[in-house]
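Each chain, letter by letter, is given below.
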Amino acid sequence: MMKGKYSALIRDIFIFTISTFIPKAISFFLVPLYTNCLTTAEYGLASLLSTTVSLMIPFLTLGINDSVLRFTIENKEDSRPFQIAFSFALKSIAIVSVLVIINCFAQIIKVDNQIAVVFLLNYVSVSVYGICIAYLRAVEQTILLSVVSILITLVVVISNVVLLLGVKAGLMGYMVSEILGYTVADMVILIKIKGIKLLQGKGTPNPELKKKMIAYSVPLIAASVSWWINSSSDKYFVTAMSGVGANGVYSVAYKIPTILQMLQSVFSQAWLLSIYREYKKESGPKFVSNVYEIYYVAMSLSCAVIIVLDIPLAKFLYAKEFFAAWEYVPFLLISVVFIANAGFFESMLTLFKKTKLIAATTALGAVINIFLNFILIQYIGLLGAAIATMCGYLFMWLIRIRPAIKRYPFKISWIKCASLHVLLLIESLVMIFLQNYAICCLIIFIMCLINVRTIQQIMIQFRNLFMAKKGDY
């Protein structure tokens, strides 16, 4: 039975790896195109606009996407959560449309009208996409998720090549490419899941269900905003204190950590399905404990390897003045490791619908991030922003540990976990200030020695999956 649980998890990880790796890999290799075709100011502005859309969606939709996943996964035949969420999305689109029209005439925020319209289209495509993806995950349509993810990337790549290299459209071309990618994905998903039929499906959305969904999702607005603060507020601080050009450099520094974010994203998607299947079973706590150890070891070792490759990757990816971004990568990479840890404990709290607790812990992490951004950027510049982000996620993870384990007790090797993270911090400091590859490689070797048994366990699980697949033929 235990072997079957791991096989199911690894199977889901394999599927999500395909859907995540290919898009991330292609996007990764597009960075030289962006840094050559856009100025630091243009790239910084595009990053701010995209971040603003991400901030507005949970506010204007009451974070209803999270409820679609949580309530549909319990009854996959019930289309009412999807219907309710879609109505919220349409209302939010109407609100943003009115705001954009008013701003086009009144120029309350001085921005080119073309950019304002593109901003609106971006909001429409991303808000609909969020609901569609939440529904696909709830009904476990992992293959379609993979196909759509790859499709977005292909559309974005083709349109980027045409608009940036062919038409020389610059900032507008970059933003329109993203809109086209999400719009095509929205259309494909709605056609495949028979969206119109779902919206007219069995059962009329009742007030009681809507109240339950809102009660679940509203606390997560604070969580979403706080996640946004942790991941994106540094860009606003950098822009305000160092200029939009500096934000362009800092924003591009996030591109290398996307390699690690891919691993974190793949696991999170697969783990959510596994934990809902297994947590009520008697062997659940042991399963959770084993998976968590494998997870943080894999994330830590991956982070350590990418830190060593930081400068070579930066030389390939970052053109001209963007190259300076390599200095901020190590701490941003460690931030992803802390995001992974915090996210794991968030999934445990989500099981018991403790969304207020998730919101509170996320908000506390965000407060730490804001405070440190304000202090550190003044004294050590962009490196201070990266450190502030890392500390915000570290704090968020630490304060989630006790309430999560209290509700679902499982064992953790804290000494091993702490030692890995300390070694990562030492490696980052060595890379930033000494660029000594020998010491960094020695640290990776020590990390492997500490985790020999866990590494063996990872290899065994993949071997078991391979043998099981081989036996099917």
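Residues numbered from 1 in each chain as written. Predicted model: local features only at pLDDT ≥ 70, side-chain atom pairs only at ≥ 80, totals over all residues. Heavy atoms only, no water.

Draft legend 1. Focus on the side chain of Ser67. Checked against the element boundaries, Ser67 lands in helix α3 (residues 64–72). The exposure class assigned to Ser67 is buried, which follows from its relative accessible area of 0%. Not counting chain neighbours up to four residues away, the residues in contact with Ser67 comprise Thr72, Met213, Tyr216 and Ser217. (Helix = DSSP H or I, 4+ residues; strand = E, 2+ residues; numbered from the N terminus. Buried < 20%, exposed > 50% of the residue type's maximum accessible area, 1.4 Å probe, protein only. Contact = heavy atoms within 4.5 Å.)

Draft legend 2. Inspection of helix α17 (residues 414–433) at higher detail. In this model, α17 (20 residues) spans 29 Å end to end at C-alpha, consistent with the 28 Å of a helix rising 1.5 Å per residue. Within α17, burial applies to Lys416, Cys417, Leu420, His421, Leu423, Leu424, Glu427, Ser428, Val430, Met431 and Ile432. (Expected span 1.5 Å × (residues − 1).)

Draft legend 3. Just unusual backbone geometry, in detail. A positive phi angle, near 60°, is found at Leu62, a position not held by glycine. Take Leu62: it is sitting in the loop between α2 (40–61) and α3. For Leu62, a relative accessible area of 28% corresponds to the partly exposed category. Even without being a glycine, Gln435 presents a positive backbone phi close to 50°.

Draft legend 4. Main features of the packing of α3 against helix α5 (residues 113–138). Viewed as axis vectors pointing N to C, α3 and α5 meet at an angle of 15°, and their least axial separation amounts to 8 Å. Judged by the angle between their axes, α3 and α5 are roughly parallel. Note on packing geometry: the crossing formed by α3 with α5 is right-handed. Here Asn65, Val68, Leu69 and Thr72 of α3 lie close against α5, whose contacting residues are Gly130, Ile131, Ala134, Tyr135, Arg137 and Ala138. Classifying every residue of the contact of α3 with α5 gives six nonpolar, three polar and one charged. (Axes fitted to C-alpha atoms, helices over the stretch in contact; angles between N-to-C directions. Parallel < 35°, antiparallel > 145°, perpendicular 65-115°, else oblique. Left-handed = near helix turned anticlockwise from the far one by under 90°. Nonpolar A, V, L, I, M, F, W, Y, C, P; charged D, E, K, R; others polar.)

Draft legend 5. Geometry of the confidence of the model for the protein. On average, residues of the protein score 80 in pLDDT, and 84% of them reach the 70 mark or higher. With pLDDT under 50 throughout, residues 468–473 is counted as low confidence; its partners more than four residues away or in other chains account for zero contacts. (pLDDT = per-residue confidence, 0-100.)

Draft legend 6. Looking closely at the packing of aromatic side chains. The full count for this structure, using the stated rule, is ten aromatic pairs. Measuring from centroid to centroid gives 5.0 Å for Tyr129 and Tyr182, while their planes differ by 70°, and the two rings are edge-to-face. One end of the pair, Tyr129, is in helix α5; the other, Tyr182, is in helix α7 (residues 170–192), and 53 residues separate them in sequence. Judged by relative accessible area, which is 22%, Tyr182 ranks as partly exposed. With a centroid separation of 4.7 Å and an interplanar angle of 45°, the aromatic rings of Tyr292 and Phe344 are classed as tilted. Of this pair, Tyr292 sits in helix α12 (residues 284–308) while Phe344 sits in helix α14 (residues 329–351), and the two are 52 residues apart along the sequence. Side by side, Tyr292 and Phe344 carry an identical accessibility label, which is buried. The structure contains a cluster of three or more aromatic residues connected by ring pairs, namely Tyr292, Tyr295, Tyr296, Phe344 and Phe345. Over the aromatic face of Phe88 sits the side chain of Lys91, whose NZ or CZ is 5.9 Å from the ring centroid. (Phe/Tyr/Trp six-rings, centres within 6.5 Å; stacked < 30°, edge-to-face > 60°. Lys NZ or Arg CZ within 6 Å of the ring centre and 35° of its normal.)

Draft legend 7. Representation of α5. Helix length check: α5 (26 residues) gives 38 Å between terminal C-alpha atoms against 38 Å at 1.5 Å per residue, within 8%. The buried fraction of α5 is high, at 19 of 26 residues. With its phi angle positive at about 60°, Glu140 sits one or two positions after the end of α5.

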